[in-house]
Amino acid sequence: MAAPKKGRSASAQSRPGRSLAFILIAIAALTGGMFLSGHPTPRLGIDLAGGTSITLTAKNEPGQPNAINQTNMNTAVDIMNRRVNGLGVSEAEVQTQGSDNIIVNIPKGTNSKEARDQVGTTAKLYFRPVLATEISGSAATASPSPSASSSSSSKATDKATDKATSSSSASPTSSATSQGRAVTDALKADSSPSASSSASSSASPSASSSASPSATSSASASAAATKLQAQYTALDCTDKAQRAKAGEGSKDTDPTVACGKNSSGQWQKYILGPAEVRGTDIKSASAVFDTQSAAGWKVTMEFTSGGSKKFADITGKLAKNQSPQNQFAIVLDGDVVSDPFVQQALTGGSAEISGSFDQTEAQSLANMLKYGALPLSFKESSVTTVTAALGGEQLHAGLIAGAIGLGLVVIYLVVYYRGLSIIAIPSLLVSGALTYVIMALLGPTIGFALNLPAVCGAIVAIGITADSFIVFFERIRDEIREGRSLRPAVERAWPRARRTILVSDFVSFLAAAVLFIVTVGKVQGFAFTLGLTTVLDVVVVFFFTKPLMTLLARRKFYASGHKWSGLDPKALGAKPPLRRTRRPSAPVDPKEA
């Protein structure tokens, strides 16, 4: 008689303890990482934590019917992110919805009115002459600086109407960074042709400026200069709160203070003259690589007819000044994004900014310049404010719903499967622990926020996970009904149950993936949670439920088919075990020789 095959049975039952140890170690490691990250709880969405949700709808300007496109919408999202972050909101979310909507979710603790004013207006881009600048809190180091040059001829000439006068005392001690920003202890400058400048030595940096668009009393001008000087002296651009308030309340026709970051990562503060060129004067901007002179990346700008005249005027004035008053600052929403110097009057209808740019920096600057000229404006479609109390009530209700659902599943498992619930309930707890820990870790890593639809997805996942256990248990019962003992029944039931579980979970995951791709906003939270818990269901069944079932099948309580084990052969209507008997040998008639 041939020996029975042991290969499949041995491999299927070998070392279930290793799988259990693996998943328990993984849970311990993830839990440790969660506490080490400083985020022991999942990050809550706006509907649970409270805050303000603003829906903005883009609209075309006259003469620009195709301005609403994916590129322009993505650029608008970037600009709005900059604005919201300027309010000190680190957990705000700005995202597109559909083809023409932008959703801005701002958590509690933020001035909702100020946020609405910030994100609902078109980006403000200005070209302002630099009157004085210095590194904020550290010394500058010399390196190449960007410069502006002309690339075509101008079609018209005109003169700027805005004037600015700046005076300061101290000797100009300047060195340029790679962004072309000069550090001076003090400078005295005037951006108008009638300006006069002087510099004298002083113990501390000082600068003052006065703006006089029309005939104004010297007393008022002196007061404005003193105020501006005080703002500049007190300004610390390394402080996020001070950067957000720099130049607050100043008009584009007035001198102001501003902050900017150079390529060395240093914050720099500025005194800037009135705006001479606006973003609407820019026709287009793009980042190109200089293949002719191999000078690297540069940004090219093309101005409108009116913009080319203004730009020619301001660059003509700046070219006559010494550094840093030969620079103009490109200011976007109050932040200096670049400040190239001018060597000559740029009378062409286009210009380029060159320097030590890499591709990312050049494209970023080009996008900012283009945004100032985008024919996009937004109207406020809806504003929803969720109080922290209401968010807490929703979270409380969601947790109660989840607890009720989990309790009903546990009751069903205990009543119907009896002893097998000792396997199912710990499996549910392991799945819940993995889901919680991973959600807490995904908050600081990818910005995942647990909203109410995501809580619903987690509740639905309880049923999906329990369904996998039920499939496995029913396959085992089918094998017992065929008359097999428990240990062979477990191993024979697993391949068929595994196939069914994988197919079922694949369908659930596919549905979650499609839902995540085709939807936006909070519905994506439901889809993401459903997909995550579906994947974790496979992990738990393979590395916890099956190994634990294999170990318990060796226990007498389950192997003997106790009536409370849920595997009682009599209760399941099992067939009598098949016994093999030898057939009686037929008598052999003797043969004659």
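Parameters and conventions
Residues numbered from 1 in each chain as written. Predicted model: local features only at pLDDT ≥ 70, side-chain atom pairs only at ≥ 80, totals over all residues. Heavy atoms only, no water. Helix = DSSP H or I, 4+ residues; strand = E, 2+ residues; numbered from the N terminus. Buried < 20%, exposed > 50% of the residue type's maximum accessible area, 1.4 Å probe, protein only. Contact = heavy atoms within 4.5 Å. Areas by Shrake-Rupley, 256 points an atom, 1.4 Å probe, with all protein chains shown as cover. Core = buried A, V, L, I, M, F, W, Y, C linked by side-chain atoms within 4.5 Å. Axes fitted to C-alpha atoms, helices over the stretch in contact; angles between N-to-C directions. Parallel < 35°, antiparallel > 145°, perpendicular 65-115°, else oblique. Left-handed = near helix turned anticlockwise from the far one by under 90°. Nonpolar A, V, L, I, M, F, W, Y, C, P; charged D, E, K, R; others polar. Salt bridge = Lys/Arg side-chain N within 4 Å of Asp/Glu carboxyl O. pLDDT = per-residue confidence, 0-100. Expected span 1.5 Å × (residues − 1). Bend = angle between axes of the 7 residues up to and from the residue. Pairing = 2+ DSSP bridges. Arc of directions from axis to C-beta. Phe/Tyr/Trp six-rings, centres within 6.5 Å; stacked < 30°, edge-to-face > 60°. Lys NZ or Arg CZ within 6 Å of the ring centre and 35° of its normal. Patch = residues over 30% accessible without salt bridge, like charges linked within 9 Å, V, L, I, M, F, W, Y side chains within 5 Å.

So, on to the overall build of the protein. Check the secondary structure of the protein and you find 16 helices and 18 strands. The buried share among the 593 residues of the protein stands at 43%. If you take every contact in the protein between residues at least 6 apart in sequence, the share linking residues at least 24 apart comes to 76%. Carbon and sulfur atoms make up 57% of the accessible area of the protein, which totals about 29,700 Å².

On to the nonpolar core. Counting residues in each nonpolar core, the largest one holds 47 residues, and the members touching the most others are Leu420, Phe473, Ile476, Leu486, Met549 and Leu567. Put simply, the parts of the chain that give this core at least two residues each are helix H2 (16-36), helix H10 (388-417), helix H11 (421-446), helix H12 (452-481), helix H13 (486-518) and helix H14 (522-552). For this core, the element with the most residues is H12, which contributes 10 residues. Once residues lying within four places of it in the same chain are set aside, the contact partners of methionine 549 are Leu420, Ile423, Phe472, Phe473, Ile476, Val490 and Leu567. If you look at the next biggest cluster of nonpolar residues, it comprises 26 residues, including Ile79, Phe127, Phe328 and Ala362.

The N-to-C vectors of H2 and H11 enclose an angle of 30°; their axes lie 9 Å apart at closest approach. Considering the angle they form, H2 stands roughly parallel to H11. The chirality of how H2 crosses H11 is left-handed. From H2, Ile23, Ile27, Leu30, Thr31, Gly33 and Met34 reach across to H11, where they touch Val430, Leu434, Tyr436, Val437, Ile438, Ala440 and Leu441. Across the contact of H2 with H11, the residue classes tally to 11 nonpolar, two polar and no charged.

Scanning the entire structure with this criterion turns up 11 salt bridges. With its nearest N and O atoms 2.8 Å apart, the salt bridge here joins aspartate 252 to arginine 278. With aspartate 252 in the loop between helix H7 (240-245) and strand S9 (256-261) and arginine 278 in strand S11 (residues 277-278), the pair connects residues that are 26 residues apart, well separated along the chain. Residue glutamate 479 is joined to arginine 484 by a salt bridge in which the shortest nitrogen-to-oxygen separation is 3.0 Å. Look at glutamate 479 and you get buried, because its relative accessible area is 6%.

Next up on the list: unusual backbone geometry. The peptide bond linking serine 323 to proline 324 adopts the cis configuration, its omega dihedral lying at 5°. Along the polypeptide, proline 324 turns up in the loop between helix H8 (305-318) and strand S14 (328-332).

Interpreting fine coordinate detail is not advised for predicted regions of low pLDDT. Considering every residue of the protein, the mean pLDDT works out to 74; 72% of them sit at 70 or more. Under a pLDDT of 50 for its full length, residues 1-12 has, in the predicted model, three contacts with residues more than four places off or in other chains. Within the model, pLDDT remains below 50 along residues 139-145, and this stretch shows 23 contacts once partners closer than five positions in the same chain are excluded.

Taking 1.5 Å per residue as the helical rise, H14 with its 31 residues ought to reach 45 Å, and the 42 Å between its terminal C-alpha atoms agrees with that figure. The largest bend in H14 comes to about 40°, at valine 541.

Once that is clear, we can look at the pairing of strand S12 (residues 282-290). Bridging between S12 and strand S13 (residues 296-303) involves eight bridges; their strand directions are antiparallel. Looking across to S13, one finds that phenylalanine 289 is bridged to tryptophan 297. Linkage of S12 to S13, two consecutive antiparallel strands, is achieved through a turn of five residues, within which alanine 294 is found at a positive phi near 55°.

For H2, built from 21 residues, the straight-helix expectation of 30 Å at 1.5 Å per residue is met to within 8% by its first-to-last C-alpha distance of 31 Å. If you check which residues of H2 are buried, you get Pro16, Leu20, Ile23, Ile27 and Met34. Down the axis of H2, the buried set is contained in an arc of 70°. They therefore lie on one face. Opposite its buried face, H2 presents the exposed residues Arg18, Ile25, Ala28, Ala29 and Leu36, each directed more than 90 degrees away. Immediately downstream of H2, the backbone of glycine 38 shows phi near 80°, a positive value.

At their nearest, the axes of H11 and H14 sit 9 Å apart, and the two run at 145° to each other. When the axes of H11 and H14 are compared, the crossing they make is right-handed. Contact residues: Ile422, Ile423, Pro426, Ser427, Val430, Ser431, Leu434, Thr435, Ile438, Met439, Leu442 and Ile446 in H11; Phe528, Thr529, Leu532, Thr533, Leu536, Val540, Phe544, Thr545, Leu548, Met549 and Leu552 in H14.

A few words now on the packing of aromatic side chains. Evaluation of the coordinates by the stated rule reveals 16 aromatic pairs. Each ring, one from phenylalanine 303 and one from phenylalanine 311, has its centre 4.5 Å from the other, and the planes form 25°; the classification is stacked. Both residues of the pair, phenylalanine 303 and phenylalanine 311, belong to the buried class. Ring-pair connections join several aromatic residues into one group, and the members of that group are Tyr412, Tyr416, Tyr417, Phe472, Phe473, Trp494 and Phe542. Its guanidinium or amino end placed over the ring of tyrosine 126, arginine 128 lies 5.7 Å from that ring's centre, counting from NZ or CZ.

It is worth spelling out a nonpolar patch on the surface at this point. On the surface, Val503, Phe506, Val507, Leu510, Val514, Phe516, Ile517 and Val518 cluster together into a nonpolar patch covering about 800 Å² of accessible area. Inspection of the secondary structure puts phenylalanine 516 in helix H13. Accessibility expressed as a relative area gives 35% for phenylalanine 516, which makes it partly exposed.

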